[in-house]
Structures are given as C-alpha cells and as structure tokens.
Amino acid sequence: MVTLREVARAAGVSLATASRALSDAPHVSAGNREHVVRTARELGYRPHHAARTLTTGSTATVGLVLPDLANPFFATVAKGVQGRARETGREVIVADTDEDAAQEHEQVARLLGRVDGLVLCSPRMPADALAALTATGRVVLVNREAPGVPSVSFDVPDGVRQAVDHLRALGHEAVAYAGGPRSSWSDAERRAALDALDGGGARRTIDLGSFRPTHGGGVQAADLALAAGATAVLCFNDLVALGVLARLHARGVRAGRDVSVVGFDDVPAATLVTPALTTVALPLARAGRDAVDLLGPGPDAGSDAGLAAVHRRLPVELVVRASTAPAPARSTAPAADPEVVIR
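The rules behind these values
Residues numbered from 1 in each chain as written. Predicted model: local features only at pLDDT ≥ 70, side-chain atom pairs only at ≥ 80, totals over all residues. Heavy atoms only, no water. Pairing = 2+ DSSP bridges. Helix = DSSP H or I, 4+ residues; strand = E, 2+ residues; numbered from the N terminus. Axes fitted to C-alpha atoms, helices over the stretch in contact; angles between N-to-C directions. Buried < 20%, exposed > 50% of the residue type's maximum accessible area, 1.4 Å probe, protein only. Expected span 1.5 Å × (residues − 1). Polar contact = N/O pair within 3.5 Å; in protein donor to acceptor, adjacent residues only side chain to side chain. Contact = heavy atoms within 4.5 Å. Core = buried A, V, L, I, M, F, W, Y, C linked by side-chain atoms within 4.5 Å. pLDDT = per-residue confidence, 0-100.

A. Examining the sheet that holds strand E9 (residues 260–265) more closely. Spatial strand order, E7-E6-E8-E9-E10-E12: six strands in an open sheet with mixed pairing. Each edge of the open sheet carries a strand with a single partner, namely strand E7 (206–210) and strand E12 (317–319). Across this sheet, the average inter-strand angle for adjacent strands is 20°, counted without regard to direction. Pairing of strand E6 (residues 175–179) with strand E8 (residues 232–235), which is carried by four bridges, proceeds in the parallel orientation. The residue of E8 that forms the bridge with Val 175 is Ala 232.

B. Up close: unusual backbone geometry. In this model, Thr 274 is joined to Pro 275 through a cis peptide bond whose omega is 0°. Checked against the element boundaries, Pro 275 lands in the loop between E9 and strand E10 (278–281). At Asp 265, a residue that is not glycine, the phi angle is positive and equals roughly 120°. On the basis of relative accessibility, which here comes to 4%, the residue Asp 265 falls in the buried class. We note that Asp 266 has phi near 65°; this positive angle belongs to a residue other than glycine. One can find Asp 266 in the loop between E9 and E10.

C. Focus on the sheet that holds strand E4 (residues 139–142). Ordered by their spatial adjacency, six strands build an open sheet running E2-E1-E3-E4-E5-E11, and the pairing between neighbours is parallel. A single partner strand is all that each edge strand has here, and the edge strands are strand E2 (91–96) and strand E11 (311–314). Strand-to-strand twist in this sheet, taken as the mean axis angle between neighbours without regard to direction, amounts to 15°.

D. Summary view of helix H5 (residues 72–87). Between its terminal C-alpha atoms H5 stretches 23 Å, which fits the 22 Å expected from 16 residues at 1.5 Å a residue. Considered for burial, the residues of H5 that qualify are Phe 73, Phe 74, Val 77, Ala 78, Gly 80, Val 81, Gly 83 and Ala 85. The backbone nitrogen of Phe 73 has a side-chain oxygen 2.9 Å away, supplied by the residue at the start of H5, namely Asn 71. Once H5 ends, the next one or two residues include Gly 89, with phi positive near 75°.

E. Geometry of helix H11 (residues 238–250). The terminal C-alpha atoms of H11, which comprises 13 residues, lie 18 Å apart, in line with the 18 Å expected from a rise of 1.5 Å per residue. Those residues of H11 not exposed but buried are Asp 238, Leu 239, Val 240, Ala 241, Leu 242, Gly 243, Val 244, Leu 245 and Leu 248. Those residues of H11 hidden inside the fold are in contact with H5, E6, helix H10 (215–227), E8, E9 and E10. The first or second residue beyond H11 is Gly 252, which carries a positive phi of 75°.

F. Representation of the nonpolar core in the model. Residues Phe 73, Val 119, Phe 154, Val 160, Leu 234 and Leu 282 are the most contacted members of the largest nonpolar core, which totals 41 residues. Residues within four places of Leu 234 in sequence aside, it is in contact with Val 160, Ala 163, Val 164, Ala 176, Tyr 177, Ala 178, Leu 194, Val 262 and Phe 264.

G. Quick look at the pairing of E10. Alternating positions in E10 separate into two faces, Thr 278 and Val 280 on one and Thr 279 and Ala 281 on the other, with burial throughout. Of the strand pairs in this sheet, E9 and E10 are connected by four bridges, and their pairing is parallel. The residue of E10 that forms the bridge with Phe 264 is Val 280. Here E10 runs beside E12; their pairing, made up of three bridges, is antiparallel. What sits directly across from Thr 279, in E12, is Val 319.

H. Broad picture of the environment of Ala 178. Within the fold, Ala 178 resides in strand E6. Apart from residues lying up to four places away in sequence, Ala 178 is in contact with Leu 208, Gly 209, Phe 211, Ala 221, Val 233, Leu 234, Cys 235, Phe 236 and Val 240.

I. Just the confidence of the model for the protein, in detail. Per-residue confidence for the protein gives a mean pLDDT of 88; residues scoring 70 or more make up 88%. For residues 53–57, every residue scores under 50 in pLDDT, and the model assigns this stretch four contacts once sequence neighbours within four places are set aside. Low pLDDT, under 50, characterises residues 331–343; the stretch is placed with 33 contacts to residues that sit more than four places away or in other chains.

Below, the structure written as structure tokens:
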C-alpha cells in the first residue's frame, strides 16, 4: 500500500504539503496541488480513512437513513446520494428503518456520532423528536421540511394540481385519494394540496383513508374506491397504484377505462404493467445528490461550521400513460380487462 510519505517523496514536496494538497486544504499553490494529485494517482495512492479521522477529525462518511430500501423511491434516492458522495470522496452508510419511527430514532442517534453528516429521507418520527436530533449534528432532510434544517423536497402541491386537473379534464367527478402512512409528511402535503383544490366545493375528493405505502396497501384501497363509486383514484405512491391496478383486474374492472389510476414517483415498474401507469414524476436521484451537496463540499464537512437552512423544492411533472382515460358514462358496465402483467 502506497503511503502519503512515498507520495511526498516522489512529488518532491514536504509531507505536510502533500497532506494539504490531497485534502484540498488551503495554503497550497494550484501548481503544487495538481502535481501532488497527479503523482498520487500514478502511484495508486489511496487515503487511509482511519488515519485521516485521527488527524483531521473527519470520517469522510455520510449516513443515509430511510424507511424502506425495498421501495424503489428510496432506492433511487440512495443511488443519488451514493453517486454524489463518491464524486466528493465520501463513503455512505445506509440504515433501513422498516417504516418504524422508534427504530428510525435509534438509527439516527447511533449514526450521528459516526459520520460527518446525515441524510434523513422521509423521516416518520414526530416533529419534536426530529428537532431534538437534528440539533445535535449535521443533518439534511429529503422529502420533508422542518424549521432551521436544510432540506430537499418536491413541489407536491403542483404535482397534485397537475394530477387532479388531468382527471377533471377527462370528466372525472368522483375522484378518490388513497393516502399513505399517517406519520408521513409528504402524505400531509398531498392532503393539504387536495383540500386547497377542493375549496369546500361539491366536487370534494373522496378520502379512502391511510394505507401502507406498498402493493398490499393499494389492494385494500381499490375495494374501498369501488365501494365509494369512484371513477378515478389518485394514489400516495406508485406501489399503492400498482396494487390498485392489480385488484381492479382481479375484480373484472377495466383499469384505465372504467376506473382511472394515477400514482406518484414514476418508479421503473410504472412502465412495466398493462395499462402503463400515469404518474407524477419526481427527480429522486437529483434529490439525493442535492442533499449531499447541502452537507458540504467533501471530507471537510465534519467541521464545526453549521449548515445553512436551505430549503430546495424540486419541480415535478405529470407523465400521462394508459391508466387514465375519459370518465365512463354512468350506464357503462364493467367488462374484463386485459391481464395486468409484469414484462
């Protein structure tokens, strides 16, 4: 293993200069920095993270806590975090909390002392617990906002508006909402946006209740939507929407003809079913990358400097596919639907 001392000797500089050049520290000329970096690359030098931690106090590590790594939403955010962390010389430790707020609290408390910064994605814990934890370390939120804590979120109100406008333009009067977990900040955002659009009018959205953000949650929601007479269902996320599609097919209801379905997120599976899912696309990978950027420029992110309370709201876009169509005439009877398949 090539040592820093060997890099310094080969580059013809002092050990201190080599260290400053490779850690992007100040007081090194651009020429010397470039020369040392090139020499280190030629020799195959890799920094020893444990030694750097002892000398600089930085672990060059980012923690990522999320509710469910099996959910494509969080997996895509994680890829964004991982990619940006790699580009800035950092490693990532991932913790999956299984949608459990108590476990989430424990994981965050454990990681804060081991990493330079923490990306907390869609936290389920109450606001007071979140405030207490984020006050003790460098934390950036994804898909949630909190006073004084930097965050990256999505323009959910605009996404809800786009989805509802689309369904109303297709003639749907009985639009239902299949909600997410009660502890979800983004579900509360969706509900607030729906309330603002309803405005107390006669065309109020039918509230089907709260469901697990999974395929099984969508299966439950579909039965309630049919019982309520809904001709369209806006779902908390794409996994719920896929469950709705599957249940409609099982009951002989033509998804996209008798009942329109809209998801949220635009995960890869949205295009792998028949009918393909209309959904509100979110820039998930970009959110992960932006969150790492808000932590700081690189391994020096573990300094005592505080984070600016920047709140980034990323734009969203409705992607129209075959799962939405004009509302059926009241007299139209349900017929068999082509099988919902995974290609």
